[in-house]
Amino acid sequence: MTEKKAWDLSRRELMKMGLALGAGSALGGMLPGSARAQQLTMDWWWWGEQELPGLQKVVDGAVAAYKEATIKPMLQDTAVVISQFQTAAAAGNAPDIQYLWNGIYHMESVWFGYLKGLKELIKPEILTASTPTALSNFGGDTYRVGWYPLPMLWIYNKKLFEQVKLDPNAPPKTWDELLVACEALKTAGIEPLGGGIQDGYWSEWYISHALPQNLDTVGEAVELFIGDKDFRDPKYHEHWTKLEELKTKGYLNADMSSLELYPGIDLVPAGKLAMGQSIGTRLPADLKTANGEIGVMVMPVFGKGKLAGTPLLDVQGLGISSNAEDPKAAAAFLEFLNSPEQLKAFWDATGWIPSNTTFDSSVITDATVRSMWETWGLGKNISNVTNVMPGQFYERAAIPTGQQIVQGSMTGEQAGELAANTAKEWREFNPDLVENYQKWVVDLSAS
Amino acid sequence: MTRTSRLTPYLYVAPLVLLIAFVFGYPLVRIFEFSFKMVRGIDGPWIGFRNYQLVLGQDLFWESVLHNVQLLLAIPVMVIVSLLVAILLYERVAGWKLYRIIVFVPFVLAIPIIAVVMKRMFQFSGPVNEVLRWLSLDFMALDWIGSSDVALWTVMILIIWRESALGIILFLARMMSLDESVIEAAKLEGANWWQRARYIILPQMRGVIEFFVVVSTITMLSAVFAYVYVIGGGRGGPGTATVVVEFYIFNALIRTSLPGIASAASVMLFLVSVALIFPLFRARRRAAQDEATR
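Report on the accompanying structure. Computed from a prediction, not measured in an experiment: that's the story for all the values here. (Residues numbered from 1 in each chain as written. Chains lettered and ligands numbered in written order. Predicted model: local features only at pLDDT ≥ 70, side-chain atom pairs only at ≥ 80, totals over all residues. Heavy atoms only, no water.)

Residues and elements named next belong to chain A. Note that N381 resides in the loop between α16 (367–378) and α17 (391–406). Remark: the alpha-carbon pair of N381 and A181, spanning 200 residues in sequence, is separated by 26 Å. The residues contacting N381, other than those within four sequence positions of it, are T310, P311, L313 and W376. Reaching out from N381, the side chain makes a polar contact with the backbone oxygen of W376 at a distance of 2.9 Å. (Helix = DSSP H or I, 4+ residues; strand = E, 2+ residues; numbered from the N terminus. Contact = heavy atoms within 4.5 Å. Polar contact = N/O pair within 3.5 Å; in protein donor to acceptor, adjacent residues only side chain to side chain.)

Structure, rendered in structure tokens:
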């Protein structure tokens, strides 16, 4: 006699089990909605701990607090944020919720059909309050919910200003005022302006601040890439000419070409450099380093475009993939992240502001940080134009031009020539993307 | 020998051959395929030789090739440095065993680690320039990593320093197998250090030197990415001063989402590397023959 194994089921037993399972499923359908939703599991691929320490705590807290579904978060590596998502989406395995950088960094996924439009899924008041920025719009829809803001600003060392009898509470507003301040600082033996450009990001940030000065809309920047406008027009390379002026007058720090972005920014709170480009998330720490002697300013104005002198605000965001099993459930989670409790939890964990205009900014104790948020975040602001740049242009023109001007091997006019040629080259390499960019101009020019 | 017994050895190696064919062959086939497609996401339409046309028509690609060729200038320096150090060690200068370990250390350390350290050393306000200024050699305190005119040479210094370590060990190993009685006889005959090196040691080193030169050539053409990535600030900069073909491929694939372009450049780099493997095998054969006839 053979011993009956545990998995040796008779036909009768098998039928019994099938009936039991069927009954269980049917009963499950009659259970309250919340109980059923417990069974839904959603994947959330995110990034940001790298630039905003404490975000992991925000994610963990939100996942634990959310009771409508099980959320499985995964922190992505910086190098694969886009490619990992796109590859998974192409294979039909994308996560339900995906972290998205602004502009072209997620728009390409929109064009591939990997992302869901959010206007039908997220309540309009929440979507608007999260300030996803105009760069998230395409074809009349919006594809991201804002998560946390990155105000882009210039900072200056008030103590160094005082040393040369410059008003520490009235930083230069025009280009001429900037040149006067730089001259005073230089004469006193203080390096007036700069940072670190070795890794290229300073070049990008410079364009973010300076190119819009001669633009009327962000859409006009896109026209430069699709060939409707030309970088050889002096108006469109004046920003590089201005950088050249700073270089030739000796106002940039001597070691700028061999320093990277963040060590370069560190020079300002350290009192070794008077002015530089920075980002809002750094401000609390820099204020601490410099005993509160750091001021914030918008890049001094030289241009005549409608965007000149407007504070610059970039925003990191989240979207819903087209592969999402239940897009409405994913949307509900994104709305949950924008609830007052979660916004406060965000502040508590990171010491930084969540991207939501309804956030109670009275909790910000530092006056400089609060004033910065009120000006950059809540006032009139513009998106970061470098986020509409095609990657090929970014690598081939945006980064090298700044580096070469700063080291003195290129003029502003030559930079315009290189930019125009690179834009043409990009159009030859990417005829399919040009068509999408042409459509995108419509959204960007309208906003 | 029966037909079955003739097949037996092939059957034994077949699983491994199939595994290798899958691991290396499949990606290679896909890269060739992608080089003829306008890939978006994970696939795209067939566009013939358009990717090759675009790559070959782009200034940046040729600039990258030129930088790789420029790096070849490091090879004679590496050979000379390696030979000199190896001969000194072979002469058993006091503490030679310790020196042997020290010179090989750079080769053991990961490239990004030594490149990051070197980068700090060579910053405009870094230790190298501080020392030069202290010695009143201000004219030599260059912007080593921040100037387009100098950055590639700085990369080359780093490569020479690290890759010479391999040459030293290879050459020293070969020297250790030489017949010492010949060298002793030359010494007794009054041959000085240079004469012994020139007429006795070097002629017997030809095979291993050729081997090192071919390996280094392949390295300079297709294995310097880590050096230029770190020293060039992850951008091949300043400007495009340190962009090499590998970096060009990386940028096309990862940063500009052009897998078709990256594949076309990869195929060309692959074919050049394959062409260089033949002299490598010849050099290895010659080195083996030298060893056998000794």
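Bringing the nonpolar core into the picture now. Within the largest apolar cluster, 144 residues are counted, with the highest numbers of intra-cluster contacts made by A:W44, A:W147, A:Y148, A:M275 and A:F333. The element that contributes the greatest number of residues to this core is strand β6 (residues 145–157) of chain A, accounting for nine residues. Counting 69 residues, the second-largest nonpolar core is a separate cluster that includes B:V55, B:A197, B:I209 and B:A252. (Core = buried A, V, L, I, M, F, W, Y, C linked by side-chain atoms within 4.5 Å. Buried < 20%, exposed > 50% of the residue type's maximum accessible area, 1.4 Å probe, protein only.)

Here the focus is the pairing of strand β9 (residues 294–297) of chain A. Residues and elements named next belong to chain A. Side chains I294 and V296 of β9 all project onto a buried face; the interleaved residues G295 and M297 project onto the opposite face, where all are buried too. Sheet analysis places β6 next to β9, joined by four bridges and oriented antiparallel. What sits directly across from Y156, in β9, is G295. (Pairing = 2+ DSSP bridges.)

Attention now moves to the interface of chain B and chain A. You'll often see interface size given as the accessible area lost when the parts meet. With 33 residues of chain B in contact, the opposing surface of chain A contributes 32 residues. Interface of chain B and chain A: buried area, both sides summed, is about 2,700 Å²; carbon and sulfur atoms make up 52% of it. In this assembly, chain B and chain A are joined by four salt bridges. Taking the shortest distance from any N to any O, the salt bridge between A:D432 and B:R40 comes out at 2.6 Å. Mapped by element, the contributors of at least two residues to the side of chain B that touches chain A are α2 (50–56), α3 (59–71) and α13 (245–255) of chain B. Ranked by residue count, the leading element in the side of chain B that touches chain A is α13(B), at three residues. Its residues placed into classes, the side of chain B that touches chain A shows eleven nonpolar, 15 polar and seven charged. (Buried area = accessible area lost by both parts, 1.4 Å probe. Salt bridge = Lys/Arg side-chain N within 4 Å of Asp/Glu carboxyl O. Nonpolar A, V, L, I, M, F, W, Y, C, P; charged D, E, K, R; others polar.)

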